[in-house]
Amino acid sequence: MKKISIPGFRNNSKGKKIAATIYYIWALLSCFSRGWGFSMVLLSAPFIILSFIDIIKLKKHHLPNKTAIISFFTAMAVFAFGTFLVYESFFQKGVTSNLPGIIGDTKAGEVDSIPDITTDQLKVHFLNVGQAESILIQQGQHAMLIDAGNLRSGRSIVEYMNKNGIYKLDYVIATHPHLDHIGGMPKVIQDMDIDKFIAPKVPHNSGTYKKVLTNLNRKGINVNKPIVGTSYALGDATFEVLAPNNDHYESLNDYSVVIKLNYKNTSFLFTGDAQWTSEQEMLKNGVNLNADVLKVGHHGSRTSTTTSFLKAVSPKYAVISAGRNNLFGHPTLYTVKKLLDYGVHVYRTDKSGTIVSVSDGEKIIFNAKAEPYRQNRVVKNIAVFSAKINRKFGQISRLYGWNNRWVIN
Ligand SMILES: [Zn+2]
């Protein structure tokens, strides 16, 4: 049987070997930024193409093609598994949890109940909705929802709220019209009683966005434009709108509604997908950004959490909402490292599932394990290297106007 040969190294062409080496290194490194799924797809693709060509060629000349067939199917299996990992992180169905005490799509052995919230507590649920975002906030009998996950999250979010005894929401905020934030919103609007709906005024053409507007219309709910400086009460808690500070942005992410939630002596900052442009505007405004918990902007992407912003917020805790093995490489190692270097306790829905934090007004507790701090030189160097490449790519993409196409979620 012939040995399986590696595409790019099948003959003595130096150019091909160099190109193939660069490709394989990129494919391997991309697991750090884009997840294992993407890496597997990249690595298996050349094997699929070349072994398929081999099968045809050998068959034509009536030569044995068993090795090529084995190579083809093995590569196909790797490709399929990689695609599955990417898909799963994108379209995760339910509000899942790896932690006991969380209601959702509970697996066997998990506790299917959570103690009732007492009136003197604030409870913030960072729902695990895959590569998307949805946050439920409770204070006493009052509740609000920030975003509603992806296209398949609607039903599970409603079920999660119902199981927690919530049928009415004082506020719903749709931070911005991207699918990973308003995907499940039509269902939420349809099934829940909503007092106030807050969303930025920005034209958007997706079918889901139109459905959101149709459902709001059907239930006679108005859309309130977020006005910076406006405060709202949620039971004994209050929240203030901090962004958007402008009517026009290059990126849809910067239209994100940013709010700071205060409960007695504790505070949370929810940033949606706001990027550095919006962060700089908030800094310029001179508002007090300082908060105990920072919901990290844009799933921990490099486009957010600039150093000056992080310093101004100086959080004790940070929560990142991202899907396991997601294609976007969220959160970037760079951002996680930066937060850890600042001594912040980092929680991630892609690691812990749904995360619940409770504030009694003085201290905040989490039901999840924080990201361990590893002083690993190799990891640190990879993070810095990948951030440099990303920054270069960002500059190039801005130059050619690709930004909106790439930063899509
Ligand atoms: Zn997003």
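Relevant structure appears above.
If you're wondering where the values come from, they're calculated on a predicted model, not measured in any experiment.

Rules used in this analysis
Residues numbered from 1 in each chain as written. Predicted model: local features only at pLDDT ≥ 70, side-chain atom pairs only at ≥ 80, totals over all residues. Heavy atoms only, no water. Buried < 20%, exposed > 50% of the residue type's maximum accessible area, 1.4 Å probe, protein only. Helix = DSSP H or I, 4+ residues; strand = E, 2+ residues; numbered from the N terminus. Pairing = 2+ DSSP bridges. Donors = N, O, S within 2.8 Å, 3.2 Å for Na, K, Ca; no water. Tetrahedral: all angles 85-135°; square planar, octahedral: opposite > 155°, others 65-115°. Axes fitted to C-alpha atoms, helices over the stretch in contact; angles between N-to-C directions.

S.K.: Would you mind going over the pairing of strand β8 (residues 237–243) with me for this structure?
M.R.: Looking down a regular strand, the side chains alternate between one sheet face and the other. Most of β8 is tucked away, with five of its seven residues classed as buried. In terms of strand pairing, strand β7 (residues 231–234) meets β8 through four bridges, oriented antiparallel. Each bridged residue has a counterpart across the sheet, and for Tyr232 the counterpart in β8 is Phe239. Across five bridges, the pairing between β8 and strand β9 (residues 258–263) is antiparallel. Opposite Ala243, over in β9, you have Val258 as the bridge partner.

S.K.: I keep staring at the coordination of the zinc ion and nothing clicks. Help me out?
M.R.: Distances from the zinc ion to its protein donors, Asp180 (OD), His181 (NE2), Asp273 (OD) and His299 (NE2), fall within 2.1 Å. One can describe the donor arrangement at the zinc ion as irregular, given that its four donor atoms subtend angles of 85 to 151° at the metal. In primary-sequence terms, the residues that donate to the zinc ion follow D-H-x91-D-x25-H. With a gap of 119 residues between them, Asp180 in helix α4 (residues 179–182) and His299 in the loop between β11 (293–295) and α8 (307–313) connect regions that are remote in the sequence. Just as Asp180 is buried, His299 falls in that class too.

S.K.: Would you mind showing me how to read unusual backbone geometry here?
M.R.: Among all residues except glycine, the phi angle is most often negative; among peptide bonds, the trans geometry is most common. Looking along the chain, the bond that leaves Ala243 and enters Pro244 is cis, with omega of 10°. Residue His62 is not a glycine yet carries a positive backbone phi of 55°. By the secondary structure assignment, His62 is in the loop between α1 (14–60) and α2 (66–90).

S.K.: What is the right way to look at the sheet that holds β7 in this model?
M.R.: By way of backbone hydrogen bonds, the strands of a sheet pair with one another, either parallel or antiparallel. As summarised here, the arrangement of the seven strands in space is β7-β8-β9-β10-β11-β12-β13, forming an open sheet in which the pairing is mixed. Strand pairing shows two members of the sheet lacking a second neighbour, β7 and β13 (345–348), which therefore form its edges. Adjacent strand axes in the sheet meet at a mean angle of 20° when their direction is disregarded. Where strand β10 (residues 266–270) meets β11, three bridges bridge the pair, whose relative direction is parallel. Its bridge partner being in β11, Phe268 is matched across the sheet by Val293.

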